[in-house]
Amino acid sequence: MFDPVSMAQRLGEGLLSFPVTHFDADGAFEEARFRAHCAWMLEHDLSGLFAAGGTGEFFSLTPDEVAQVVRAAVAERKANVPVISGCGYGTAIAVDIARKAESSGADGILLLPPYLMGGKQEGLAAHIEAVCRATGLGVIVYNRGNAIVDDETLAGLCERNANLVGYKDGVGDIELMARIYARMGDRLTYIGGLPTAETFATPYLTMGVTTYSSAIFNFMPQWALEFYNAVRAGNHAHVQQQLRDFVLPYIALRNQGRGYAVSIVKAGCRVIGRDAGPVRSPLTDLSAAEDAQLAALIEKVAPYALPLPA
């Protein structure tokens, strides 16, 4: 539905959502519930739906499951909202996932860092280029963890690969971000990818990062859109109030357990009555007491998100 350039341009126009992946008690993918969740989120104003991304527990899915999740998201998509597939692991597996994503109807690829191993810039470039050449889809490279591509490497990749159209930053290196934007300008669409992205939305906007991935959208879509619109409008009073009342306490709760960046999002879905099932190991779910803390935070800023009393 989108060529690489139009896909990237569309992503930069608004807020992006990364749906959780629904599992049953035994950890099997529940497609019907996942599709219903995507359809619900797409009732709101989105510029991109990232299936099987980090929030969707890409790291716990098999390549065939990634394709299954992507096909399910594609089945629910709207005409003006591209569906982007997570992609990653070693080069051979990433190439296979990219090809399967294309055949599953995805509009683009988010290339997550390769599993565990780091590499020199030449090795990272070869990895990214192999994925770009394996598909006609637009590719977004995710700078994070053990895969930090510098501005020179990124510029060379863009010269050689027309379908490398996006850069997602999960590092928070302001100098690197400034160098990349100064060098690449509007050649790329820039996505904020630091957890939790709302915390960094205002300063990143000043550097040309017009959008970000909102995991919170999974359980408070109206709140997430109001926050994003306040950032874009320069409504600093609203942004600061929501940071104080929700985002920073949410981060404090997230930091109570290792791996909670995903678990807390599934907890949010559970709290509002849209249970997405458990996380897969090695992640663990929030405790009942932590769920209650999250419910209290949601009630403070978005009581409309919680189920009505029986």
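Rules used throughout
- Residues numbered from 1 in each chain as written.
- Predicted model: local features only at pLDDT ≥ 70, side-chain atom pairs only at ≥ 80, totals over all residues.
- Heavy atoms only, no water.
- Helix = DSSP H or I, 4+ residues; strand = E, 2+ residues; numbered from the N terminus.
- Polar contact = N/O pair within 3.5 Å; in protein donor to acceptor, adjacent residues only side chain to side chain.
- Contact = heavy atoms within 4.5 Å.
- Phe/Tyr/Trp six-rings, centres within 6.5 Å; stacked < 30°, edge-to-face > 60°.
- Buried < 20%, exposed > 50% of the residue type's maximum accessible area, 1.4 Å probe, protein only.
- Pairing = 2+ DSSP bridges.
- Axes fitted to C-alpha atoms, helices over the stretch in contact; angles between N-to-C directions.

Trainee: What is the right way to read the side chain of Ser-263 from this model?
Mentor: Within the element layout of this structure, Ser-263 appears in helix 11 (residues 260-271). Reaching out from Ser-263, the side chain makes a polar contact with the backbone oxygen of Thr-284 at a distance of 2.6 Å. Those residues in contact with Ser-263, other than ones at most four positions away along the chain, are Val-279, Leu-283, Thr-284, Asp-285 and Leu-286.

Trainee: When you look at the packing of aromatic side chains in this model, what are you seeing that I'm missing?
Mentor: The relative placement of two aromatic rings is captured by the distance of their centres and the angle of their planes. Evaluated as defined, the whole model comprises ten aromatic pairs. On the numbers, 4.3 Å between centres and 10° between planes, the contact of Phe-18 with Phe-50 is stacked. With Phe-18 in the loop between strand 1 (16-17) and helix 2 (31-41) and Phe-50 in strand 2 (residues 48-51), this residue pair connects regions lying 32 residues apart in the sequence. Owing to a relative accessible area of 3%, Phe-18 belongs among the buried residues under this scheme. Through a chain of ring-to-ring contacts, the aromatic side chains of Phe-219, Trp-223, Phe-227, Phe-246 and Tyr-250 assemble into a single cluster.

Trainee: Please explain the pairing of strand 8 (residues 211-214) as it appears in this structure.
Mentor: For a regular strand, the rule is simple: side chains alternate between the two faces of the sheet. The side-chain alternation of strand 8 yields two buried faces, one formed by Thr-211 and Ser-213 and the other by Tyr-212 and Ser-214. Where strand 1 meets strand 8, two bridges bridge the pair, whose relative direction is parallel. For Leu-16, the partnering residue across the bridge sits in strand 8 and is Ser-213. With two bridges joining them, strand 7 (residues 189-192) and strand 8 adopt parallel strand pairing. Counterpart to Gly-192 in the pairing with strand 8 is Tyr-212.

Trainee: Is there a simple way to explain the sheet that holds strand 5 (residues 138-143) in this structure?
Mentor: Spatially, eight strands are ordered 1-2-3-4-5-6-7-8 in a closed barrel, and the strand pairing comes out parallel. As paired strands, strand 2 and strand 3 (residues 83-87) are joined by three bridges and run parallel to one another. For Leu-49, the partnering residue across the bridge sits in strand 3 and is Val-83. Across the sheet, helix 5 (residues 121-134) is in contact with strand 3, strand 4 (108-111), strand 5 and strand 6 (164-169); its angle to strand 4 comes to roughly 165°.

In short, the description is geometric, and any link to function would need to be established separately.
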